[in-house]
Each structure stands twice: as structure tokens, then as C-alpha cells.
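Geometric and topological summary
Listed below, chain by chain, are the residues.
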Amino acid sequence: MSKASRKVATRNLICMNRDASRRFARNDSNSLSLWDKVKSPTGRPVGDFLMRLPTPSIVHTMKLYVMHGDNFLETKEQHHNPPESMTTPQFRGLLDRCIHCGLCLQNCPTYVVMGTEADSPRGRIQLMRAVSDRRIPMDGAFRKHLDLCLSCLSCQSACPSGVQYGKLIDTVHLELAQAHKPGLIERGVRWLGLRQFMPHLSRLRLAAKLFRLYQMVGLQKLVRAINLLPKNLKAMEAILPPLPARHIDYAIAAPAIGEKRGTVLFFYGCLQDAFLGDVNKATIHVLQRNGFEVHFPQAQTCCGAAQVHTGELDLARDLARKNIDAFLAPSPFQGEGWGEGDVPSSSQRDYSPRSEAGRGGRGEDYVAIINNAGGCGAMLKEYAHLLADDPTYAEKAQRFVEKVQDVSEFLAKNLCVPPKGEIRSRVTYSDSCHLRNAQKIVKQPRDLIKAIPGLEYIEMQSPDRCCGSAGVYNIVEVDTANQVLDTRMQDIAATRADTIVVTNTGCHLQLIYGVRKAKLNARVVHLVELLEESYQAERRDA
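Description of the structure in this document. Just so you know, these numbers come straight off a predicted model, no measurement behind them. (Residues numbered from 1 in each chain as written. Predicted model: local features only at pLDDT ≥ 70, side-chain atom pairs only at ≥ 80, totals over all residues. Heavy atoms only, no water.)

Observations concerning the overall build of the protein chain
Within the protein chain, the secondary structure is distributed over 29 helices and eight strands. For the protein chain, buried positions account for 55% of its 542 residues. Sequence separation of 24 or more characterises 74% of the internal contacts of the protein chain that already satisfy a separation of 6 or more. Accessible surface, the protein chain: about 24100 Å² in total, of which carbon and sulfur atoms supply 53%. (Helix = DSSP H or I, 4+ residues; strand = E, 2+ residues; numbered from the N terminus. Buried < 20%, exposed > 50% of the residue type's maximum accessible area, 1.4 Å probe, protein only. Contact = heavy atoms within 4.5 Å. Areas by Shrake-Rupley, 256 points an atom, 1.4 Å probe, with all protein chains shown as cover.)

Points about the environment of T283
Positionally, T283 belongs in helix α17 (residues 277–289). Taking the C-alpha atoms as reference, T283 lies 9.2 Å from F266; in sequence the two are 17 residues apart. Residues contacting T283, with those up to four places away along its chain left out, are F266, N372, V407 and V528. For T283, the side chain forms a polar contact with the main-chain oxygen of V279, separated by 2.8 Å. (Polar contact = N/O pair within 3.5 Å; in protein donor to acceptor, adjacent residues only side chain to side chain.)

Description of empty space enclosed by the protein
Taken as a whole, this structure holds three cavities of 30 Å³ or more when the rule is applied. One number sums up the size of the largest cavity: a volume of about 130 Å³. In this structure, the largest cavity is lined by 17 residues; those nearest its centre are C98, C104, I125, C159 and V163. For the lining of the largest cavity, the elements supplying multiple residues, two or more each, are α8 (121–132) and α10 (154–158). Considering each element in turn, the lining of the largest cavity owes the most residues, three residues, to α8. Grouping the amino acids of the lining of the largest cavity by side-chain chemistry returns 12 nonpolar, four polar and one charged. (1 Å grid on protein atoms, 1.4 Å probe; cavity = no way out; pocket = protein on both sides within 12 Å on 5 of 7 lines; lining within 4 Å. Points joined across faces, edges and corners; volume = space filled by probe spheres on them. Nonpolar A, V, L, I, M, F, W, Y, C, P; charged D, E, K, R; others polar.)

Structural notes on the pairing of strand β3 (residues 366–371)
With five of six residues buried, β3 is to be regarded as a mostly interior element. As defined by bridge partners, strand β1 (residues 262–266) adjoins β3 across four bridges and the pair is classed as parallel. Bridge assignment links L265 to a residue of β3, and that residue is I369. Where β3 and strand β4 (residues 404–406) come together, three bridges link them in parallel fashion. (Pairing = 2+ DSSP bridges.)

Points about a nonpolar patch on the surface
Judged by side-chain polarity, L213, M216, V217, L219, L222, I226 and L228 come together as a nonpolar surface patch covering roughly 730 Å² of accessible area. Listing elements by their share of the nonpolar patch, those giving two or more residues are α13 (201–216) and α14 (219–226). Per-element accounting of the nonpolar patch gives the leading share, three residues, to α14. Along the chain, M216 falls in helix α13. Note on M216: relative accessible area 57%, which makes it exposed. (Patch = residues over 30% accessible without salt bridge, like charges linked within 9 Å, V, L, I, M, F, W, Y side chains within 5 Å. Salt bridge = Lys/Arg side-chain N within 4 Å of Asp/Glu carboxyl O.)

Here's the deal with the pairing of β1
Here β1 lies mainly inside the structure; five of its five residues are buried. Alternating residues of β1 divide into G262, V264 and F266 and T263 and L265, and every residue in both groups is buried. Of the pairings in the sheet, the one linking β1 to strand β2 (residues 292–295) comprises four bridges and is parallel in character. Across the sheet, the residue bridging to T263 is E293, located in β2.

Concerning the packing of aromatic side chains
Tallied over the full model, the rule gives nine aromatic pairs. Consider the rings of F267 and F327, whose centres lie 6.3 Å apart with planes at 35 degrees: the pair is tilted. Residue F267 is found in the loop between β1 and α16 (271–275), and its partner F327 is found in helix α19 (residues 313–328); the two are separated by 60 residues along the sequence. In this structure, F267 and F327 share a single accessibility class: buried. Here the aromatic rings of F292 and F410 are separated by 4.9 Å at their centres, their planes lie at 70 degrees, and the arrangement is edge-to-face. Of the two residues, F292 sits in strand β2 while F410 sits in helix α23 (residues 407–414), which places them 118 residues apart along the sequence. Exposure remark for F292: the relative accessible area of 2% places this residue in the buried category. Judged by its relative accessible area of 1%, F410 is buried. (Phe/Tyr/Trp six-rings, centres within 6.5 Å; stacked < 30°, edge-to-face > 60°.)

Description of the packing of α8 against helix α11 (residues 165–179)
Between α8 and α11, whose axes approach to 11 Å, the crossing angle comes to 55 degrees. Considered as vectors, α8 and α11 are oriented oblique to each other. α11 is crossed by α8, and the crossing has left-handed handedness. Touching P121, R124, I125 and M128 of α8 are Y165, L168, I169 and V172, all from α11. Of the residues contributing to the contact of α8 with α11, the split by class is seven nonpolar, no polar and one charged. (Axes fitted to C-alpha atoms, helices over the stretch in contact; angles between N-to-C directions. Parallel < 35°, antiparallel > 145°, perpendicular 65-115°, else oblique. Left-handed = near helix turned anticlockwise from the far one by under 90°.)

A word on the environment of L315
Inspection of the secondary structure assignment puts L315 in helix α19. In the structure, L315 is positioned 120 residues away from R195 in sequence and 8.2 Å away in space, judged by C-alpha atoms. If we ignore the near neighbours within four places in the chain, the residues touching L315 are L194, R195 and Q307.

Looking at the packing of α17 against helix α29 (residues 527–541)
Between two packed helices, both the angle of their axes relative to each other and the distance between the axes serve to describe the pair. Close contact between α17 and α29 brings their axes to 8 Å; oriented N to C, the two are set at 55 degrees. Regarding the angle of α17 to α29, the classification is oblique. The handedness of the crossing between α17 and α29 is left-handed. Residues D278, V279, A282, T283, H285, V286 and R289 of α17 form the contact with α29, whose own contacting residues are V528, E529, L531, E532, Y535, Q536 and R539. Of the residues belonging to the contact of α17 with α29, the class tally is six nonpolar, three polar and five charged.

The analysis is restricted to geometry; functional conclusions fall outside its scope.
Structure, rendered in C-alpha cells:
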């Protein structure tokens, strides 16, 4: 039966049985006997179908039936074999926590823009349950609706029942990624991006220099004017920010300014350093101004988040091990995985952290491993889980995770020299989903913004709403990402802010594009850039 036919048949069923619909919506068990008298388009009692989908909403249930038809009427014994990870008691227990109350709906970006039940958290949980029950396959409509999930976890933060949606969607996304068979072009793009560029800082910096040349000679304006790029390539080009002329030399430690209060190690990332290098520069300066000496382990590499999102778990684990070795090993210059030109000279090696017990340069304990990107930080804090079954690295990973802090998390407790320079600006803050929902860091960035004199802070109506970046989502799901972004920009425009503060690389790039797309008179800056502006203003006014 075609989808259109199912829609007509289902609409007729609902119209002819309104009383049953109302009573079922009130969880009236007697209504099931009425539904048993109604036949589905295949002749099977609809009550049998309803009993298998425990939900208080008949409309919710029937929407799923409209979308997936007779697959929902299949019994467990029939054709579909779900992956083992989706049939475990643990996974089933996570599914059972959802009571289908619907309080997650308005927190879900895809539900807000699309309005379809299967693109909401509880709808996706029902789809997961149907796969786990062997009633539908993992391809087709299931893949479509689950791939459209941004994994922003706003629903998890809003859920009154404590549903751990992140664990559910991570399990499913991993299974979908591993079942996916990419074509030749996609395999080539993955090989280049995930293996040949992101783990190698020098190569990314070279790419950034070429893109800067592309911007300076006017090619970017021409490409955007003729508008001939394919959709996905156009999406990649659209988020390209103004690129820095120089990159930071990480071979030498950055000394504390004024009284030294401790030593920190800095995770400078891959895309953040190559394409938003001024954010790293501001991060280092702000840490220095607050009395911290900053060291840069030279063998560090990409955090592995993009690799996890695309199902490359073995590669992600290799990157995690390299980062753990870089930050905990006796000498971070030993080991493999550096890009060409990354190895410092021997005269510079005394400036780096040295002991496996977590000692900083010059024999001092380091205070923390600092990162400035919400997505990277969330991944770094997952290393203990990622390597839990690795007998060599499990304990090391746990020690590493205990040291990792987002820069806003660290500065909220260690702002020894508050910024005093006035900045006259109307400011709003766009939460990073991974910082807010995964790392539970919500108050600290706001407190730091409000500590700057002269600012007028305006909170958005929905500050926890995703911007549509979500790793590579804005490149692979372009249309939906743009709808989500448009909703976000409307919320930002309503604040009439001229400065948009961010705390994540993907959000930064996405909102630069969003400002241009919405034609707003506003700038996008990282939190540490705003703090550094205040420090500089104080020096000018002194």
C-alpha cells in the first residue's frame, strides 16, 4: 500500500472512531476493545497495533502508523534482525524510561521546524523500540528520521523522567554509521578529512592559508555571486570565516603575567586553531593575565569527535590514545602522529610537561587541561568511556578526563584578575549544545560575560536551541540545518544584540554564516575574545 493510501485509510479510521480515539487518549483500557473491532488496511485489528506502542496519544500513535504502515503490525518473530546493541536489557531499559509525555517536543529543533512526530525525541524512541522489537528494519524511514537527529540533547535536559536520550541516540547513530556503505566519493572525502587533515595541524594550517588566499584575491565573492556550487560544497564554503594571517607558535610556553598562580596545559584543537586562530590566541592571553603559565604538548592531535560521529571508532580511539600520551607522557615530543613541521627544536623541549603523574613544565603540578570548544571538550571528557575496555589506557584515560576543563568552567573558578575595561555593547549568548547539555556548563559563561563592565546582556527566548551545526550536520543535512539555523537567527534578532557570544567552534562558524544569511548587523565572538577585549580596553584607559 502506498503512503498516500495509508494516509487516507488512517484518516478514515480516526474520523469513524472519534470516541475510541478520545478514550484511548485518556488511557481508557475499554477503548481498546472498540479498536479491536476496527480493521487496519491489511485486515488486522488496530487494537493489536496500539497495544504494541504504549503511548497516551492516539494522534502520536497513528502518525507513526501513517508513516510506516504495515511494518508496525509485524510481529517479533518475523523478518527483521536488529543489531545486538539495540536488544540488550540495558538498551531496552533506557527505552522504557520514556513515558511519552511530550515535554521534550518544543525543545527538539527538528520537531519545531518540521512538526512531525517521527522527528521528535519520543517519536524516535518509538522507532527505536520498533527496531528493538523486530517490527521494522533499520533502513528506509527509520534511518531517515534518526539521521535527522542533531544529537543536541536538549530533550534530555528537559525530560522529567530522566531519559538518557544521549546513550540511545549514540548507540543508534553508531549502528547506522557502521551499516552505511559510503560510495567512492564519500570514502575519498572521509579519508582526506578524517585521516589526512584533521589529525595533522600543519596540513590544516596549509589549507587555511590557501583559503585565505582564495578570500584575498576575490574568488570567494565571485563563487558566492555565481552560486554554482553543489549543495553540500556550498554549505562548506558558506561557513568559511575570515581567516587569520598568522598562526600561533606552540613550541614555547606562554609565561604567566604578574603573580604566577599555576600551570595549565592547553588543548588547541584542529579546526579551531587553523580557522579560528584568534580564539586560541585570546584564550592563552586571558589565562596568562590571570596568572597561569600555559604549556602546549606538541604531540596532541584531533579530539576524535568527528570520527566518532561517522562511526570511525577505531580511528577515534587511536586519536584518544595519542592525546593521552601527549598530555601524560614523560615527554610529549616522543611518539608519532605529528604533522610535518610540528616538531620543535631540541632547545625548546624544556618548556613542556614531563612526568606521567601529571607534572607541568619545570617540575610543577599542572592545574588543568584547558580546551575552548564545547564539542571538543565533550569528546575529551568521554575518553574514559571510549577506552574503558582498553587495559593499557583505561586508567590513564580516567586521569586525563579528571584534568579536562572548558575554559569558561576554569575561569569561573580562577578569574583572579577580573576584566575592568568597559565594552559598550548589547550582548546575547548562544549556548553550545555540547557545553550545555553534555558538560552541564550553563551558568559559568553567563557569569563571565556579566563580569565585563559596560555590557548590556540580553538572554534569548530559547537559549538552549541548537544552531544547526552539530558536527558535520550542516554539511550533510543542509536543508534541515538551514531551517534550524533560521529559527535560531530569529531568536537572536529578537534580542537586537550587536554581539553574539559563542563557546564552540562549530557554533562559531555556523553563526557567522547565520548573521550573513539573516543580514543582521552583529558580530560573532568567542567568550574569551570578549574578555580579552575588556583587558585591552583597561590597558588603553590606564
